[in-house]
Amino acid sequence: MAQNKNKIKISPAERAFDIFNVLFMFFLCIIMIYPFFYVVVASISEPAKLMAHDGLLLGPQGLSGGAYSSVLKNPRVWTGYGNTIFYVIVGTTFNIIMTVLCAYGLSRKGLMFNRIVTIMVVFTMYFSGGMVPSFLVVRGLGLYNSRLALIIPGAISTFNMIIMRTAMAGVPDSLEESARLEGASHLQVLFKIMIPVTMPTIAVLILYYGVGHWNSWFSASIYLKDPSKYPLQLYLRQILIQSQMSDMNQASASEDQALLAETIKYATIIVATVPILILYPFLQKYFVKGVMVGSLKG
């Protein structure tokens, strides 16, 4: 009887609202999942049947691996993979080092002109010199057509640095004071206290920077002229927009090439997307904790 008395009664209006919420979220899930489902299904469909299909695509139109075979046989795709992996590993490492160092300095309460420096840093998040001045700076530094042009200019994301700074500012002062009494230097405080305590936030920033490098193509199209240095996404853009099929398929019939071009586009998207999707489950547990740690205390 006591359980029945303590049970919270749900009014018809609240029940209707809950049902609406469930249906609405289910509808949103379908809207977000269907495009990816469409790409997967289209990539394994037979080109002729796919082109002849009209309406929603709810299943593969036949089964064919010709698109994946053409994509994986293209040496430029593997070159792009190698370049992208280099940009992701080296670029993300450089990003994290610079972000952590900058965030640690700005999170120190005794830093001279801390507020002024922070305002100047935040200012760059809203205003920039633009594409042309950025290009002139890169060329003036001798980085044009260099892999470093995709790493050094974007060394720090101001937004990510603010998250990291806030996380470090939220670390209890007693930890640093105890380390100081033991004679610890700034580097020891950083590497033995700050980094271990804020590791969930760092893990989230690694994913943010890594995804940014993986999906980047615009900077490469501006700063690189050597195709051997192109990242995978720039090759993907050429395939999707410029329809450069000559290197992807050597079929003699032009009609077959046109049909296979559609499935090759979808197969290329899958090949370029799957690796970064595999990374998400390993860092997912850090998401909520990492972002919340970096947003509670300003």
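About the cut-offs
- Each chain has its residues counted from 1, following the order in which its sequence is written.
- Given that the model is predicted, a residue must reach a pLDDT of at least 70 before its local features are reported, and side-chain atom pairs must reach 80 or more before they are shown or counted; all residues, however, enter totals for whole chains, interfaces and linings.
- Just so you know, side-chain values use all the structure's heavy atoms and leave hydrogens and water out.
- Only DSSP runs of H or I reaching four residues or more are called helices, and only runs of E reaching two or more are called strands; each is numbered from the N terminus.
- Using a 1.4 Å probe on the protein chains alone, a residue whose accessible area is under 20% of its type maximum counts as buried, one over 50% counts as exposed, and one in between counts as partly exposed.
- Contacts are assigned to residue pairs that have any heavy atoms within 4.5 Å of one another.
- Every accessible area reported is derived by Shrake-Rupley at a probe size of 1.4 Å, with residue values counting cover from the shown protein chains alone.
- Only buried Ala, Val, Leu, Ile, Met, Phe, Trp, Tyr and Cys residues count toward a nonpolar core, and they belong to the same one when joined by side-chain atoms within 4.5 Å.
- Cavity and pocket criteria rest on a 1 Å grid covering protein atoms alone: a 1.4 Å probe that fits but cannot get out defines a cavity, protein on both sides within 12 Å along at least 5 of 7 lines defines an open pocket, and an atom within 4 Å of a point defines a lining residue.
- Grid points are joined across faces, edges and corners, and a volume is the space filled by probe spheres set on the points.
- Nonpolar residues are Ala, Val, Leu, Ile, Met, Phe, Trp, Tyr, Cys and Pro. Charged residues are Asp, Glu, Lys and Arg, and all others, Gly as well, are polar.
- Helix axes use the C-alpha atoms of the stretch in contact, all axes being lines fitted to C-alpha atoms, and the angles between their N-to-C directions lie in the range 0 to 180 degrees.
- Roughly parallel refers to an angle under 35 degrees, roughly antiparallel to one over 145, roughly perpendicular to one between 65 and 115, and oblique to any angle outside these ranges.
- With the far helix as reference, a near helix turned anticlockwise by less than a right angle produces a left-handed crossing, and one turned clockwise produces a right-handed crossing.
- Two aromatic rings from Phe, Tyr or Trp, using only the six-membered ring of Trp, form a pair when their centres are within 6.5 Å; if the ring planes differ by under 30 degrees the pair is stacked, by over 60 it is edge-to-face, and anything between is tilted.
- Any Lys NZ or Arg CZ that is within 6 Å of a ring centre and within 35 degrees of that ring's normal is treated as a charge sitting over the ring.

Chemist: Describe in detail the overall build of the protein, supporting the description with residues and values.
Modeler: When its secondary structure is counted, the protein shows 14 helices and zero strands. In the protein, the succession of α and β elements from N to C terminus is α-α-α-α-α-α-α-α-α-α-α-α-α-α. Expressed as a percentage of the 298 residues in the protein, the buried residues total 35%. Within the protein, counting contacts between residues at least 6 apart in sequence, those at least 24 apart form 73% of the total. A total of about 18100 Å² of accessible surface is found on the protein, and carbon and sulfur atoms cover 68% of it.

Chemist: Tell me what's going on with the nonpolar core, and back it up with residues and numbers.
Modeler: Core analysis: the largest hydrophobic core is formed by 19 residues, its most contacted members being Val100, Met164, Met168, Leu190 and Met194. When residues of this core are traced back to their parent elements, those giving at least two are helix 5 (75-107), helix 8 (158-169), helix 10 (186-197) and helix 11 (199-215). Contact partners of Val100, with chain neighbours within four places excluded, come to Met164, Met168, Leu190, Ile195 and Ile202. Membership of the second largest hydrophobic core comes to 16 residues, among which are Val88, Val211, Trp214 and Ile264.

Chemist: So what's going on with unusual backbone geometry? Which residues, and what values?
Modeler: Positive phi, normally seen in glycine, also occurs at Asn145, with a value near 60°. Structurally, Asn145 can be placed in the loop between helix 7 (131-140) and helix 8. For Asn145, a relative accessible area of 16% translates into the label buried.

Chemist: How would you explain the layout of surface pockets if you had to name every residue and give the values?
Modeler: Here the largest pocket defines a volume of roughly 860 Å³. Residue assignment for the lining of the largest pocket shows that the elements contributing at least two residues are helix 5, helix 7, helix 11 and helix 12 (218-223). Among the elements that take part in the lining of the largest pocket, helix 12 stands out by supplying five residues, more than any other. Its residues assigned to classes, the lining of the largest pocket comprises 19 nonpolar, 13 polar and no charged. If you go around the second largest pocket, the residues you meet are Val88, Ile89, Thr92, Thr93, Ile96, Ile206, Gly210, Trp214, Pro275, Ile276 and Leu279. Mapped by element, the contributors of at least two residues to the lining of the second largest pocket are helix 5, helix 11 and helix 14 (254-293). If one sorts the elements of the lining of the second largest pocket by residue count, helix 5 sits on top with five residues.

Chemist: I'd like a rundown of the packing of helix 5 against helix 8, residues and numbers included.
Modeler: As a packed pair, helix 5 and helix 8 sit with axes 8 Å apart at the nearest point and diverge in direction by 50°. Taken together, the axes of helix 5 and helix 8 are oblique relative to one another. You can see that helix 5 and helix 8 cross each other, and the crossing is right-handed. Across the interface between the two elements, Thr99, Val100, Cys102, Ala103, Tyr104, Leu106 and Ser107 of helix 5 pack against Asn160, Met161, Met164, Arg165, Met168 and Ala169 of helix 8.

Chemist: Requested: an account of the packing of helix 5 against helix 10, with residues and values cited.
Modeler: At a minimum axis separation of 12 Å, helix 5 and helix 10 run at an interaxial angle of 105°. One element, helix 5, and the other, helix 10, form an angle in the roughly perpendicular class. The residues of helix 10 that touch helix 5, namely those facing Val100, Leu101 and Tyr104, are His186, Val189, Leu190, Met194 and Ile195. Of the residues in the contact of helix 5 with helix 10, the class split is seven nonpolar, one polar and no charged.

Chemist: Pulling in residues and values, what's your account of the packing of aromatic side chains?
Modeler: Using the criterion set out here, one finds 12 aromatic pairs in the structure. Taken together, the ring pairs connect Tyr34, Phe37, Tyr38 and Tyr266 into an aromatic cluster. In this arrangement the basic side chain of Arg147 is found over the ring face of Phe86, its NZ or CZ atom lying 6.0 Å from the centre.

All quantities given are derived from atomic positions and should not be read as evidence of function.
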